[in-house]
Amino acid sequence: MRPWDAFAAAEAEVRAMVANPRWQGLPVPARAQFVAARVLVTPDGDRWLFGAHARWHLHDPADGRWHLAPPPRGTPARRTGHPAAVLPARVIPRGPDFAEEPGSTQAFVGPDVPGKLTEGIRGLLRAEERRSERDYPLSAFYDIFARDVPSTIAVIWGTIIWCSYAPAFDGNERLITAFGEYLRRPLPGDEWVRWLPAPPLLDLVTLVAERLRAGESRAALRLAALIADTAQILLSDPRFRPRALALLTMVEPTLRQPHLDDAAALRDDHAVRQAWLDRLPERLSRAVLVETDPATHFRHTVYDLVEALSFTTEPARAAAAFLADLSDSRALLPGHLDHRLRRAYEELAKAGLTGTSAAETTQPEGMAVRTPPPYPWRAEPPGTGAYAVPASRTGAMNAAGAIETGAHLLPQTGAHAVPQTGAHAMPQTGAHAVPRTGSHAVPEPRVYEGRQPAGEGGVETSGSSDAASGSGVEPPDRSTAAAVLGAAYAVGLAWGRVTGARVPERGFAGSAALVHRLIPERDDMHS
């Protein structure tokens, strides 16, 4: 019999109240009183409230703010009173916000995109690739695709990447390699992971609005239909589903009323974007927070990261180690964190271990040149005194699968940042297509004797040392590792939306050990 969990009990009570049809009709003070009566306090004095967006909030004793934060489930807690009058309205459940689907934080590394989904997208590409670029010019994504590629291809790509929670894809992933022949330059990343920039909704809107302004309403309708068709296919994967459903909801009214956005398009692209966002019901609002409220979206991604790290003994410290990779020259980050995360992050800051990816300089293995903070797990060597880390390839593969020596998809040492929004500049490398599935060679392992080399982000430790962050726990399986990888990358992308900070195209220094754990275990790489 499972032990009683105070957090699970309080959550169940609040969910039952919010599900009552009368809840939305209650005035805010009444709803606040019901929620305040179920605040929990843990032995360390922390106060926890299950509130808006069906997520937990932690009270900051220093300034009285409530921060999004997953609770320490299994920790003893007792119910305590809290003044309902001082609860901010933003933490009180409204009702529709509890219907939001959280989706999955997994990156597209490890667990593959389902074959049926991939074939559906490839079918759309085959049907649209012969359209003329004169009828469907590239008004967005022109830094990604060759000039003779029609916008029908670009709109399928943009929908996929915008809908993905964390667009970090396996370098051998069929869904992404399907676009190889259309690309202007190789995608950023290496032969293991492609860390793709997340386009803003405005890029998708621009493709449609440009055709409306040109008087080509049928072409605009075709592009909108392709967005809807692509989103419909993406619904089958939880890593795409929340945003795919939101995008489908925004576009479908245009398909029913072809001239619905004509007036907005004559003003500008931003007016069309706002018209799309205005169509969303509140139950889908969290899926577009990245567009409407970047700061709150960032806090949700931090929540996801801490939750993905729940297998560690100290999730807050583990999450702080990943947050240390963020570039924060204006010292804005601590103000977005709850007091537990803030303490852990400030410990790393005092040790000079924050901003470890700010220089965006990597060694060939993707490890940080600077020594980053200790991470919450260590990569255990497969045998006594040895730890194998795959070496990088010696050449890049072209579209036909032939190795081109000297044309490395692996970025060279230096600053190769990809802007978070707007232009998506790609590194200038020799090959002009991502490697095709089936031609992805397994690199030979490099074996280090005696001590563990860069486990997580380049930290060298002896084979018998304990993880300095309070947990020697490794992700228990590929799905968990992929969830941490995806959540960490989503945090970086969200932080870029808040501050304009660039995200290194190799991901974070702290992601290296996760990638090493995920990729060698892929089933299709042992054939």
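For the structure, see preceding data.
Treat the numbers as computed from the prediction; the structure is a model and nothing was measured.

**Student:** Even after reading the chapter, I still don't get the overall build of the protein, so can you show me in this structure?
**Tutor:** Counting secondary structure elements, the protein contains 16 helices and 15 strands. With 527 residues in all, the protein has 58% of them scored as buried. Within the protein, contacts between residues separated by at least 24 positions form 75% of all contacts whose residues are at least 6 apart in sequence. When the accessible surface of the protein is split by element, carbon and sulfur atoms take 52% of a total near 21400 Å².

**Student:** Where do I start with the pairing of strand E2 (residues 47–51) in this structure?
**Tutor:** Within a regular strand, the side chains alternate between the two sheet faces. With respect to burial, E2 is a largely interior element, four of its five residues being buried. As paired elements, strand E1 (residues 40–41) and E2 share two bridges and run antiparallel to each other. Bridge pairing in E2 links Val41 to Arg47. With four bridges connecting them, E2 and strand E3 (residues 55–59) associate as antiparallel partners. Paired with Trp48 across the two strands is Leu58, which belongs to E3. Counting the residues between successive antiparallel strands, the hairpin from E2 to E3 contains three residues, one of them, His53, with a positive phi of roughly 60 degrees.

**Student:** How should I be thinking about unusual backbone geometry in this particular structure?
**Tutor:** In this structure, His53 takes a positive phi of about 60 degrees despite not being glycine. With respect to the element layout, His53 can be found in the loop between E2 and E3. You will see that Ala331, though not glycine, has its phi angle at about 55 degrees, which is positive. Within the secondary structure, Ala331 sits in the loop between helix H13 (315–323) and helix H14 (339–350). For Ala331, a relative accessible area of 57% puts it in the exposed group.

**Student:** Please explain helix H2 (residues 28–36) as it appears in this structure.
**Tutor:** Residues separated by three or four positions in an α-helix point in the same direction, a consequence of the helix having 3.6 residues per turn. Listed as buried for H2 are Arg31, Ala32, Val35 and Ala36. Buried residues in H2, looked at end-on, bunch into an arc of 130 degrees, giving them a common side. Residues of H2 that are exposed and point over 90 degrees away from its buried face: Pro29 and Gln33.

**Student:** Which parts of the structure should I look at to understand helix H6 (residues 201–213)?
**Tutor:** Helix length check: H6, at 13 residues, gives a terminal C-alpha distance of 18 Å against a target of 18 Å (1.5 Å per residue), a fit within 8%. Its maximal kink placed at Leu207, H6 deviates by approximately 25 degrees. Here H6 has its buried residues at Leu201, Asp203, Leu204, Val205, Thr206, Leu207, Val208, Ala209, Glu210, Arg211 and Leu212. Turning to H6, the residues buried within the fold contact helix H4 (151–163), helix H7 (217–234), helix H8 (241–256), helix H9 (262–267), helix H10 (269–278) and helix H11 (289–292).

**Student:** Quick question: what am I supposed to make of the nonpolar core here?
**Tutor:** Note on soluble globular proteins: their nonpolar side chains tend to be buried together. Phe145, Trp157, Phe179, Leu247 and Trp276 are the most contacted members of the largest nonpolar core, which has 64 residues in total. Elements supplying a minimum of two residues to this core: helix H3 (115–128), H4, helix H5 (174–177), H6, H7, H8, H9 and H10. Setting aside chain neighbours within four positions, we find Trp276 in contact with Leu201, Val205, Val208, Ile227, Leu247, Met250, Val251, Thr254 and Asp261. With 50 residues, the next largest nonpolar core counts Phe298, Ala316, Ala482 and Ile519 among its residues.

**Student:** I'm lost on the packing of aromatic side chains in this one. Help?
**Tutor:** Given two aromatic rings, their pairing is described by the distance between the two centres and the angle made by the two planes. Within the structure shown, the criterion is met by 11 aromatic pairs. Judged by centre distance (6.4 Å) and plane angle (45 degrees), the rings of Trp23 and Phe34 are tilted. Separated by 11 residues along the polypeptide, Trp23 in the loop between helix H1 (6–19) and H2 and Phe34 in helix H2 bring together distant segments of the chain. Its relative accessible area of 38% is what places Phe34 among the partly exposed residues. Where Phe145 meets Trp157, the ring centres are 5.9 Å apart and the plane angle is 90 degrees; that geometry is what we call edge-to-face. With Phe145 in the loop between H3 and H4 and Trp157 in helix H4, the pair connects residues that are 12 residues apart, well separated along the chain.

**Student:** Mind showing me how you'd approach the sheet that holds E2 here?
**Tutor:** Whether parallel or antiparallel, the strands of a sheet pair through hydrogen bonds between backbone atoms. The strand order across the open sheet built from five strands is E4-E3-E2-E1-E5, with neighbouring strands paired in antiparallel fashion. Unpaired on one side and paired on the other, strand E4 (66–68) and strand E5 (78–79) mark the two borders of the sheet. Packing of helix H12 (residues 294–308) onto the sheet brings it into contact with E3 and E4, and relative to E3 it is tilted by some 100 degrees.

**Student:** Teacher, can you tell me more about the side chain of Glu128 here?
**Tutor:** Here Glu128 lies in helix H3. Relative accessible area serves as the criterion here: at 1%, Glu128 is assigned to the buried category. Reaching out from Glu128, the side chain makes a polar contact with the side chain of Arg131 at a distance of 2.4 Å. Setting aside chain neighbours within four positions, we find Glu128 in contact with Pro150, Thr152, Ile153, Ile156, Arg222 and Leu226.

**Student:** What exactly am I supposed to notice about a negative patch on the surface here?
**Tutor:** A surface patch of like charges, here negative, comprises Glu133, Asp135, Asp148 and Glu216. If you trace the backbone, Glu133 turns up in the loop between H3 and H4. You can call Glu133 partly exposed: its relative accessible area is 30%.

**Student:** I keep staring at the pattern of salt bridges and nothing clicks. Help me out?
**Tutor:** Side chains that differ in sign of charge can pair as their charged atoms come close. Enumeration over the complete set of coordinates arrives at 21 salt bridges. Across the pair Glu11 and Arg15 runs a salt bridge whose closest N-O atoms are separated by 3.3 Å. Of the two residues, Glu11 and Arg15 are both situated in helix H1; the distance of four residues between them amounts to about one turn of the helix. Glu11 sits in the buried class, given a relative accessible area of 15%. For Arg15, a relative accessible area of 35% corresponds to the partly exposed category. Between Glu210 and Arg211 there is a salt bridge whose closest N-O contact spans 2.8 Å. According to the relative accessible area criterion, Arg211 is buried, its value standing at 9%. Here the residues in one salt-bridge network are Glu11, Arg15 and Arg73, joined through shared partners.

Reading guide: rules and limits
Residues numbered from 1 in each chain as written. Predicted model: local features only at pLDDT ≥ 70, side-chain atom pairs only at ≥ 80, totals over all residues. Heavy atoms only, no water. Helix = DSSP H or I, 4+ residues; strand = E, 2+ residues; numbered from the N terminus. Buried < 20%, exposed > 50% of the residue type's maximum accessible area, 1.4 Å probe, protein only. Contact = heavy atoms within 4.5 Å. Areas by Shrake-Rupley, 256 points an atom, 1.4 Å probe, with all protein chains shown as cover. Pairing = 2+ DSSP bridges. Arc of directions from axis to C-beta. Expected span 1.5 Å × (residues − 1). Bend = angle between axes of the 7 residues up to and from the residue. Core = buried A, V, L, I, M, F, W, Y, C linked by side-chain atoms within 4.5 Å. Phe/Tyr/Trp six-rings, centres within 6.5 Å; stacked < 30°, edge-to-face > 60°. Axes fitted to C-alpha atoms, helices over the stretch in contact; angles between N-to-C directions. Polar contact = N/O pair within 3.5 Å; in protein donor to acceptor, adjacent residues only side chain to side chain. Patch = residues over 30% accessible without salt bridge, like charges linked within 9 Å, V, L, I, M, F, W, Y side chains within 5 Å. Salt bridge = Lys/Arg side-chain N within 4 Å of Asp/Glu carboxyl O. Lys, Arg positive; Asp, Glu negative; His and termini not counted. Charge placed at Lys NZ, Arg CZ, Asp CG, Glu CD.

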